[in-house]
Amino acid sequence: MAESMGFVPQSQPPSLPQRCPRDWPGLLLALALLGTISLLSWVLLLVGRNALAHRPPLNRWSSATLLLRTARYSPDPSRRRQSRLVLAAASQTPREQIHWLTAQGWGEHRGLRTEPSVVLYLLAMAEQGRGQRSTAQAHWRELLIRFPTTPASADSRYWLGTPGDELHKELLEQFPAHPASLASALTMAQNPGPNQLDGALHLARWGPRKVGSEYLLAKLCIQQGSQLPVTMATTMANALLQVDNPAAAQACQPGAAAPSGTADDPWFGIRQLLLQGSWLEAHHGLVMANQNPNLTLAEGVRLGFWHGFVKQALGEPEEAQRLWYGVVQQAPWSYYGWRSQVRLGEAGWPSPLGEIPPPPPAASLGQRGKGNDAVTWLWNIGLELLAWEHWRHWRNGTVPEDPDSLWVEGQLRLAVMDPWMGLEQLDDASWNRPAHEGQLLALEQARHPIFYGQVLEEAAQRYGLDPALLLATARQESRFRPAQRSIVGALGLLQLMPATAAELLAMTPVPGVSGEGEDLEAQLLNAEINADLGARYLAQQLQNWQQQPILAIASYNAGPTAVAGWSMEHLAEQPELWIEAIPYDETRFYVKKVLGYWWAYSCLHGTPCPHSKEEEGVAKNGRTPAGTKADKGSLWKPGSLGKSHQKAHKDPWPWLGFSQQGHHQVGGLRPWV
């Protein structure tokens, strides 16, 4: 109709192409899938990072299965290398060690440059152990060229040179406190010649505590003291004073060993008041002494015990018990901790140690330590000797003074078989810490190792002794050094006088040990012979004194004739006061130390005595020690020591009996160990 009316319809603009409605779900699905994949990737990344962060550490405490699996199959090269180092440190043969160290791209360890230098060191020592001297020297030279400033390079200089040559002079100059330097200096000092005094002076400056140094320095002072240059004589005298040898120091420098005053220590006056029975005056002295804010643990527990003793004497038993419980809380594994528990009626004599227990896992290095990172890393791997070398170099020969550093160095010295100085430092770490901290379980365990366990146990069982008592005696007598010689001539593990030993040997030879062809001194330096004779002599003293341990221990140190001349007043009712009345200072300290060690060995290696806080390792206040209920009868009952009926067995403490893994895996002991 429009067309008939003359209108022409206009054409419509073309419409835009429209998407098929069916495409939108696909797009949305793709977007959703992409988002899901992204979210899943993010989650997996977080999970992976968390898993990596929480992977089990690889160290000497890791299981063999974990170490082997990681060494062979881990895609992470750093973990492969770490596990191989741990396995190499624990290897029993040089060939096995080389197997774990080869065919790896050894890089750096957190910038410390320890990993590649340590590997070259281990390879060189392993090749020496196999008798491959030329291959070993090639490794030493590579180590010296590539890493000339690392502590391990000191060993390269030692093995590639000889004492007195240019390499060893460079060694002493660049690494003066390193054990290899001290070994070189000791060799120089032992041999008369132009380098002898240079070696002795180096030892005096950097290593008076090295095994063998004290003997050499003392010998030179006594023989040549008046002829030495003044500066050298002064240095050597100061070194001898550091190792508590005032007589030799006096020979080098008259007046160097002047006794230090003790008038400022209030304990000396308090002790006199206790011996006089002046309880009220002693109480006032103890109160004043306790006001010192810097009391050490040793001072605190001594004052605490005697304060309780005085309160009991003054008719205040409840206050006495409170003070004794405080001592038990502070120092449960000590002499005064034990005597406090006896006074509280919660303990008697130490429980007999039936047998030596299996070795515990290796302890971590110290606690709250301020040690070098490389030292801790090497210790955790199981390379104690290298850890010791790094520690000595890092400290530059300075003597530790704070308790935590003493703890670390003491453990390291024990690991490289220097119990003489190691135990002294661990004792200082324990007793010189603040009184309020109390004893720490891990430190006390380190302080009471078992060296020569099988030898001492068998000797104790032969003569009906508690092995813990014989361990305590050996620890105090020689700190487990069978070559120890005293200034009065006592020898060996249990420090027997030759005349006493000759009498014992004349009566009965040592079972199962032939000393034929050896002189008496050589026999006494044999750990088995010395342990047997020492146990026999201690058992004789117990028999002579009707099984009264305090008198037997005192006789072992001072001799039975001297003890027989002392008054026995207070011995039964107040044994602590009787011990304080011993007229010989040395014997008085000796008896307290042996009794304290006896108690600690019984607690730490036998019947657990104090309950402890897991997080702190210190005893809880007011708890009764497990398994040590007091004997309400006499403390002097014959036979109270008891006999061990356990059969002697193979020594399960090889790492404490001087055969610890890591000491011999690279071809024998180093000459500076």
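Up top you'll find the structure we're talking about.
For clarity, every value in this text was computed on a predicted model and none was experimentally measured.

Asks: What am I meant to see in the overall build of the chain here?
Replies: The number of helices and strands found in the chain is 32 helices and zero strands. Per-residue burial for the chain yields a buried fraction of 50% across its 673 residues. Across the chain, the fraction of contacts at a sequence separation of at least 24, relative to all contacts at a separation of at least 6, is 62%. Split by element, the accessible area of the chain, about 31,900 Å² in all, is 55% carbon and sulfur.

Asks: What should I look at first to understand the packing of aromatic side chains in this one?
Replies: Here a ring pair, both rings aromatic, is described through the centre-centre distance and the interplanar angle of the planes. This structure, assessed with the given rule, holds 19 aromatic pairs. Ring plane angle 45° and centroid distance 6.2 Å describe the contact between F305 and F309, whose orientation is recorded as tilted. Note that F305 and F309 are positioned in helix 16 (residues 297-313) at a spacing of four residues, about one turn of the helix. Summarising the aromatic geometry, the rings of W338 and W349 are spaced 5.3 Å apart at their centres and angled 45° between planes, so their arrangement reads as tilted. Of this pair, W338 sits in helix 18 (residues 335-343) while W349 sits in the loop between helix 18 and helix 19 (373-381), placing them 11 residues apart in sequence. Of the two residues, W338 and W349, both sit in the buried class. Feature note: the residues W279, F305, W306, F309, W324, Y335, Y336, W338, W349, W598 and W599 constitute an aromatic cluster, connected by ring pairs. Just above the ring of W379 sits the side chain of R60; from NZ or CZ to the centre is 4.9 Å.

Asks: Would you explain the nonpolar core in this entry?
Replies: Considering soluble globular proteins, one finds that nonpolar side chains tend to be buried as a cluster. In terms of nonpolar packing, the biggest core is built from 99 residues, with L274, W306, L456, L470, V591 and L595 touching the most fellow members. In terms of residues, this core owes the most to one element, helix 32 (residues 585-605), which gives 11 residues. Sequence-distant contacts of L595, that is, excluding residues within four places in its chain, are made with Y335, W338, W349, I550, I553 and I579. W106, V118, A124 and L143 belong to the second-largest nonpolar core, a separate cluster that totals 43 residues.

Asks: Explanation requested: the packing of helix 29 (residues 549-558) against helix 32 in the structure shown.
Replies: The geometry of a pair of packed helices is captured by two quantities: the angle between their axes and the separation between those axes. One way to put it is that helix 29 packs onto helix 32 with a least axis distance of 9 Å and a crossing angle of 130°. One finds that helix 29 runs oblique with respect to helix 32. Considering how the two elements wind past one another, helix 29 and helix 32 form a crossing that is right-handed. Across from P549, I550, I553, A554, Y556, N557 and A558 in helix 29, the residues of helix 32 making contact are E586, T587, Y590, V591, V594, L595 and W598. Among the residues making up the contact of helix 29 with helix 32, the classes are represented as 11 nonpolar, two polar and one charged.

Asks: Explain the side chain of S74 here, please?
Replies: Inspection of the secondary structure assignment puts S74 in the loop between helix 2 (64-73) and helix 3 (77-89). Since its relative accessible area comes to 13%, S74 is described here as buried. With residues up to four places along the chain from it excluded, the contact list for S74 reads R69, R79 and R80.

Asks: It is not clear to me how the packing of helix 5 (residues 114-129) against helix 7 (residues 151-160) should be interpreted in this structure. Could you clarify?
Replies: In contact at an axis separation of 9 Å, helix 5 and helix 7 are set at 35° when each is read in the N-to-C sense. Here helix 5 runs over helix 7; the crossing is left-handed. Contact residues: S117, Y121, M125 and Q128 in helix 5; A152, D155 and W159 in helix 7. A class-by-class count of the residues in the contact of helix 5 with helix 7 yields four nonpolar, two polar and one charged.

Asks: Hey, could you run me through the pattern of salt bridges in this one?
Replies: Between side chains of opposite charge, a pair can form as their charged atoms come close. Per the stated rule, a full pass over the model turns up 24 salt bridges. Salt-bridge contacts for R433 lead to D404; the nearest nitrogen and oxygen are separated by 4.0 Å. Here D404 lies in helix 21 (residues 403-415) and R433 lies in the loop between helix 22 (419-431) and helix 23 (441-447), a separation of 29 residues in the sequence. Per residue, the accessibility class of R433 equals that of D404, and both read buried. Here D427 ties to R475 by a salt bridge, and the two come within 2.8 Å at their closest N and O atoms. On the criterion of sequence distance, the pair formed by D427 in helix 22 and R475 in helix 25 (residues 467-478) is long-range, its members being 48 residues apart. A residue is classified by how much of its surface remains accessible, and R475, at 1% relative accessible area, is buried. Each of D427, E444, R447 and R475 takes part in one network of salt bridges that share partners.

Asks: I'm lost on the environment of E281 in this one. Help?
Replies: The residue E281 is located in helix 15 (residues 279-290) in this model. With 11 residues separating them along the chain, E281 and I270 place their C-alpha atoms 8.3 Å apart.

Asks: Honestly, the environment of A374 in this entry has me stumped. Any pointers?
Replies: Positionally, A374 belongs in helix 19. On the accessibility criterion, A374 (5% relative accessible area) is buried.

Asks: What's the story with the state of the cysteines in this structure? I'm lost.
Replies: Two cysteines joined by a covalent bond between their sulfur atoms form a disulfide. For the structure shown, the criterion picks out one disulfide. Sulfur-sulfur distance for the disulfide between C221 and C252 comes to 1.9 Å. Taking the sign of the torsion about the S-S bond as the criterion, the disulfide between C221 and C252, at about -90°, is left-handed. Taken together, the residues C221 in helix 11 (residues 213-224) and C252 in helix 13 (residues 246-252) connect sequence positions 31 residues apart.

Asks: Quick question: what am I supposed to make of the side chain of E346 here?
Replies: Residue placement: E346 occurs in the loop between helix 18 and helix 19. Of the polar contacts made by the side chain of E346, one reaches the side chain of Y325; its length is 2.9 Å.

Asks: Quick question: what am I supposed to make of helix 17 (residues 317-330) here?
Replies: Since the α-helix advances by 3.6 residues per turn, residues separated by three or four positions end up pointing in the same direction. Between its first and last C-alpha atoms helix 17 spans 20 Å; for 14 residues at 1.5 Å apiece the expected length is 20 Å, and the two agree. If you follow the buried residues of helix 17, they end up packed against helix 16 and helix 18.

Asks: Looking at this structure, how should I read the environment of G410?
Replies: If you trace the backbone, G410 turns up in helix 21. For G410, the contacting residues outside a window of four places in its chain are G422, Q425 and L426.

Asks: Please clarify how a nonpolar patch on the surface should be interpreted in this entry.
Replies: Residues W24, L27, L28 and L31 make up a contiguous nonpolar surface patch of about 440 Å² in total accessible area. By the secondary structure assignment, W24 is in helix 1 (residues 23-53).

Asks: Would you mind showing me how to read unusual backbone geometry here?
Replies: In most cases, non-glycine residues show a negative phi, while peptide bonds are predominantly trans. Positive phi values are uncommon outside glycine, yet Y452 reaches one of about 55°. In this structure, Y452 sits in the loop between helix 23 and helix 24 (453-462). The phi angle at R479 is positive, at roughly 50°, despite the residue not being glycine. Checked against the element boundaries, R479 lands in the loop between helix 25 and helix 26 (498-507).

The rules behind the values
Residues numbered from 1 in each chain as written. Predicted model: local features only at pLDDT ≥ 70, side-chain atom pairs only at ≥ 80, totals over all residues. Heavy atoms only, no water. Helix = DSSP H or I, 4+ residues; strand = E, 2+ residues; numbered from the N terminus. Buried < 20%, exposed > 50% of the residue type's maximum accessible area, 1.4 Å probe, protein only. Contact = heavy atoms within 4.5 Å. Areas by Shrake-Rupley, 256 points an atom, 1.4 Å probe, with all protein chains shown as cover. Phe/Tyr/Trp six-rings, centres within 6.5 Å; stacked < 30°, edge-to-face > 60°. Lys NZ or Arg CZ within 6 Å of the ring centre and 35° of its normal. Core = buried A, V, L, I, M, F, W, Y, C linked by side-chain atoms within 4.5 Å. Axes fitted to C-alpha atoms, helices over the stretch in contact; angles between N-to-C directions. Parallel < 35°, antiparallel > 145°, perpendicular 65-115°, else oblique. Left-handed = near helix turned anticlockwise from the far one by under 90°. Nonpolar A, V, L, I, M, F, W, Y, C, P; charged D, E, K, R; others polar. Salt bridge = Lys/Arg side-chain N within 4 Å of Asp/Glu carboxyl O. Disulfide = S-S within 2.5 Å. Polar contact = N/O pair within 3.5 Å; in protein donor to acceptor, adjacent residues only side chain to side chain. Expected span 1.5 Å × (residues − 1). Patch = residues over 30% accessible without salt bridge, like charges linked within 9 Å, V, L, I, M, F, W, Y side chains within 5 Å.

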